[in-house]
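# Residue-level structural notes
Read off the chains here:
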Amino acid sequence: MSRVEIMTGNQAAALGARLARVQVVAAYPITPQTSLTEALAQFIESGEMKAEYVRVEGEHSALSVCIAASTVGARAFTATSANGLLYMHEQIHWAAGSRLPIVMCCVNRGVGAPWTILNDQQDSISQRDTGWIQLYCRDNQEIIDTVIQAFRIAEAVYVPVMVCYDGFVLSHTLMPVEIPDAERVDAFLPPYRPHTILSEADPRTINPVMFADPRENAAGVLGDGYMEMRYKLAGALTEALKTIQDVSDEYARLFGRNHGGLLWEYKTEDAEVILTGMGSIANEATIAADILREKGVPAGVVGIRAYRPFPVEAITHAFRKAKSIHCLEKALSYGFAGPIYTDLRAALYGSGCEAAMHDYIASLGGRDIQPDTIAQVVFERVIKPEADGRFHAPLWINCRTE
Amino acid sequence: MPETLFKINAKEYILPGNRSCQGCGLSLAYRMALKALREKTIMVIGPSCLCVLHGLYPSTAVMVPGLNTTFASAGAAASGLVAGLRALGRDDETVVAFIGDGGTFDMGIQSLSGAAERQTDFIYVCYDNEGYMNTGTQRSSATPLGAITSTTPLLAKEEHKKDLVRIMEAHEVPYIATANPAYPIDLYDKFVKAKKIKGTRYLHLFIPCPPGWGFPPKDTIRLGRLAVETGVFPLFEIENGRFRFTGRSRALAERGHKIPVSNYLERQARFGRMTPAQVQVFQQWVDRRWEEYVRRAEADAKHFSP
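These figures come from a predicted structure and were not determined experimentally.

### Section: the environment of B:K218
Tracing the backbone through its elements, the reader meets B:K218 in the loop between α9 (210-213) and α10 (220-229). Taking C-alpha positions, B:K218 is 28 Å from B:R38, a pair spaced 180 residues apart along the chain.

Set out below in structure tokens:
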């Protein structure tokens, strides 16, 4: 039977990994991910969870361990934040290129320098182009459910999944969480079947050097070149759009909770002003939307759950009636704009959506952002709308810009 | 000696035709190592000469399953294989990382140290060709003093080689050995022994490299022997803390007739610009280390004997 307990986001993630019957954990502690790795150590040492825990000497090694363990056929999990994620960068590419269904929690934190231990999303956004699926959670219930779903998704398309949630805002905040029943999770998530078996019966050298062009092997069979393998990875990410939605729908049927698959929407039926974002800030935007509605502005929220693959079709549908779009971003492509803004503009171009688009940089390095502030800045833009659809540099909220 | 030769596994694990250079010391050492390791071996390979020897997709010259990993991660990748195999109940397989000096002395030292400190149950082999040979003979921290490399092209390397064996010994691993393809039976025996031991085992292989060091491919064995005869690369093993010379080095230590290092240096173009003073510094460095080893061997023989 499922039961409800009060727990932090990190505890929810650890429980999710335990329910997913992870076989190998490798992690290096970093704030604010730390209590997640501690919880897993507690589970494994106490015997509540049967897994190997490799207490590595750094994050690069953490993901290296997961890559090798996943290659040999074990379900592998890791978690990190900020500079730990950046230190893994080489291996993040390697895991996706190896088509390994590893799941990693990124407990989002701002990136140094200067040091901050507090939340924004610059860490996971900077790993956008590595070939991983990225899912963003808005509360602790979504974290436990998404970690379980992530293994189903990853093992269906052989692409690793990064489950992202905001450091401290979720990782250290207590919320009631319904813990799914273990037997039903087992039915939902069958054991992992690796795509390659490392065995002397069929000796293979995994991930060797490639030539530019396809080549025949000793038996005369034409193998892929590097480019074909990369094309297949790109195709797997596209295929994952359907997988993410299907897995979410099936999970909703079995467990009664639907976090929206690719996107979630709040009061969008009649909304002309749509706020959007990822993670906890998108949740906050729902309160801002209510405040705006009190002021007579027909506002709603589209929360982006799947950032990679970017759900262009779902986005086009969700924003089709918008007159203005307001992107709340905890990351920035320095020298340009926020990542959601740039991706949304690209996705909506030519779709018939004529909405004016506004970009807001908020909450970097843990700077507080309140729903009424969000409502205020959106309101100011709505009553003085920019008539054209041209690119406009982002507005930094709650920041001394003078 | 012939008795041992007949015991060597006749099976070949490297198919005829691979991409190593003519006279490659690595291909000789790897062939003997795989014979000694036999079946149920999984190899971790770094981006190195061995990666090239294994073959370019979709062909491989090696009949042992191998996992390529990034430069810095061999120790961690091996740890992951060991953990994964254990989680799956496959506990009769031996994980071996076979990594160059760049991936060991330099970029890979962190993950190697981590794996050794955790006493990960695997064999780590450093095949030391004393530089980044696969990328075209750049200096590594395993390059000896006086060697010209493509990143020390005019002045030659001004520092001595890092003593990695001593670093590994500080991890209190159960078995450490040095070996050299010029002494294949000694090398074979050490791999056979290493396979039987639990915990982290470290083997350091001296790998003469004709193009990187500048000597004719026919002289690989000669160079390997001269490195031992001069005391530049002594053959030994350290088993649970006990140091013991093996093979030719034991004979040299007992009879005290190692030959001057100039015999070794003068056959390699990389040492072509060494001054007599530098040769003397090199000789003193070799002598000091050799004497330490001899004292250690004598002390350990007394300390560990009943």
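Next comes the rest of the write-up.
### Comments concerning the interface of chain B and chain A
The interface is formed by 37 residues belonging to chain B together with 40 residues belonging to chain A. Mapped by element, the contributors of at least two residues to the side of chain B that touches chain A are α3 (49-54), β2 (66-68), α4 (74-87) and α6 (109-117) of chain B. Per-element accounting of the side of chain B that touches chain A gives the leading share, 10 residues, to α4(B). Among the residues forming the side of chain B that touches chain A, the class breakdown is 18 nonpolar, 16 polar and three charged. Bridging between strand β9 (residues 205-206) of chain A and β2(B) involves two bridges; their strand directions are parallel. Bridge pairing in β2(B) places A:I206 opposite B:L67.

### What to know about the sheet that holds strand β5 (residues 175-179) of chain B
The nine strands are arranged β9(A)-β2(B)-β1(B)-β3(B)-β4(B)-β6(B)-β5(B)-β7(B)-β8(B) in an open sheet whose pairing can be described as mixed. Looking at the sheet topology across the chains shown, the edges are occupied by β9 of chain A together with β8 (242-245) of chain B. When β5(B) meets strand β7 (residues 236-239) of chain B, the two strands line up antiparallel, connected through three bridges. Bridge assignment links B:Y175 to a residue of β7(B), and that residue is B:E239. Against the sheet, helix α13 (residues 276-304) of chain B engages β7 and β8 of chain B, with an angle of about 120° to β8(B).

### Description of the domain arrangement of chain A
Reports often express the size of an interface as the amount of accessible area lost when the parts come together. All names here are of chain A. Domain boundaries assigned for chain A yield domain 1 (3-188) and domain 2 (263-396). The straight-line distance from the C-alpha centre of domain 1 to that of domain 2 is 27 Å. The partner domain 2 presents 19 residues to the 23 residues of domain 1 that form the contact. Secondary-structure elements contributing two or more residues to the side of domain 1 that touches domain 2 are α6 (122-125), β6 (133-136) and β7 (161-166). If you tally residues by element for the side of domain 1 that touches domain 2, the top one is β6, at four residues. Across the side of domain 1 that touches domain 2, the residue classes tally to 11 nonpolar, seven polar and five charged.

### Brief notes about the confidence of the model for chain B
Predicted confidence across chain B gives a mean pLDDT of 96, with 98% of residues reaching 70 or more. Among the prediction metrics, the complex's ipTM stands at 0.96, with pTM recorded as 0.97.

### Thoughts on the nonpolar core
Generally speaking, soluble globular proteins have nonpolar side chains that are buried together. Counting 221 residues, the largest nonpolar core has A:V24, A:V65, A:V147, A:V163, B:V44, B:L81 and B:V125 as the members making the most contacts within it. Both of domain 1 (3-188) and domain 2 (263-396) of chain A provide at least three residues apiece to this core. In contact with B:L81, not counting residues within four places along its chain, are A:A68, A:V72, B:I42, B:V44, B:L67 and B:V95.

### Focus: the sheet that holds strand β12 (residues 299-304) of chain A
Residue and element names in this part refer to chain A. With respect to topology, six strands assemble into an open sheet ordered β10-β12-β11-β14-β15-β16, the strand pairing being mixed. The sheet is open, and its two edges are formed by β10 (263-266) and β16 (395-396), each paired on a single side. In the sheet, strand β14 (residues 324-329) pairs with strand β15 (residues 356-361) via six bridges, with the strands oriented parallel. In the sheet register, H326 faces β15, and the bridge partner there is H358. Packing of helix α10 (residues 280-294) onto the sheet brings it into contact with β10, β11 (273-277), β12 and β14, and relative to β12 it is tilted by some 170°. Here helix α12 (residues 339-348) sits on the sheet and contacts β11, β12, β14 and β15; the angle it forms with β14, its principal contact strand, is near 145°.

### What to know about the packing of α4(B) against α6(B)
Residues and elements named next belong to chain B. Running from N to C, α4 and α6 cross one another at 40°; their axes reach a closest spacing of 6 Å. One way to sum up the angle between α4 and α6 is to call them oblique. Contact residues: A74, G75, A76, A78 and S79 in α4; S111, L112, G114 and A115 in α6. Here the contact of α4 with α6 is composed, by residue class, of five nonpolar, four polar and no charged.

The rules behind the values
Residues numbered from 1 in each chain as written. Chains lettered and ligands numbered in written order. Predicted model: local features only at pLDDT ≥ 70, side-chain atom pairs only at ≥ 80, totals over all residues. Helix = DSSP H or I, 4+ residues; strand = E, 2+ residues; numbered from the N terminus. Contact = placed C-beta atoms within 7 Å. Nonpolar A, V, L, I, M, F, W, Y, C, P; charged D, E, K, R; others polar. Pairing = 2+ DSSP bridges. Axes fitted to C-alpha atoms, helices over the stretch in contact; angles between N-to-C directions. Domains from an automatic or database assignment. pLDDT = per-residue confidence, 0-100. Core = buried A, V, L, I, M, F, W, Y, C linked by C-beta atoms within 7 Å. Buried ≥ 20, exposed ≤ 12 C-beta atoms within 10 Å, placed from the backbone. Parallel < 35°, antiparallel > 145°, perpendicular 65-115°, else oblique.

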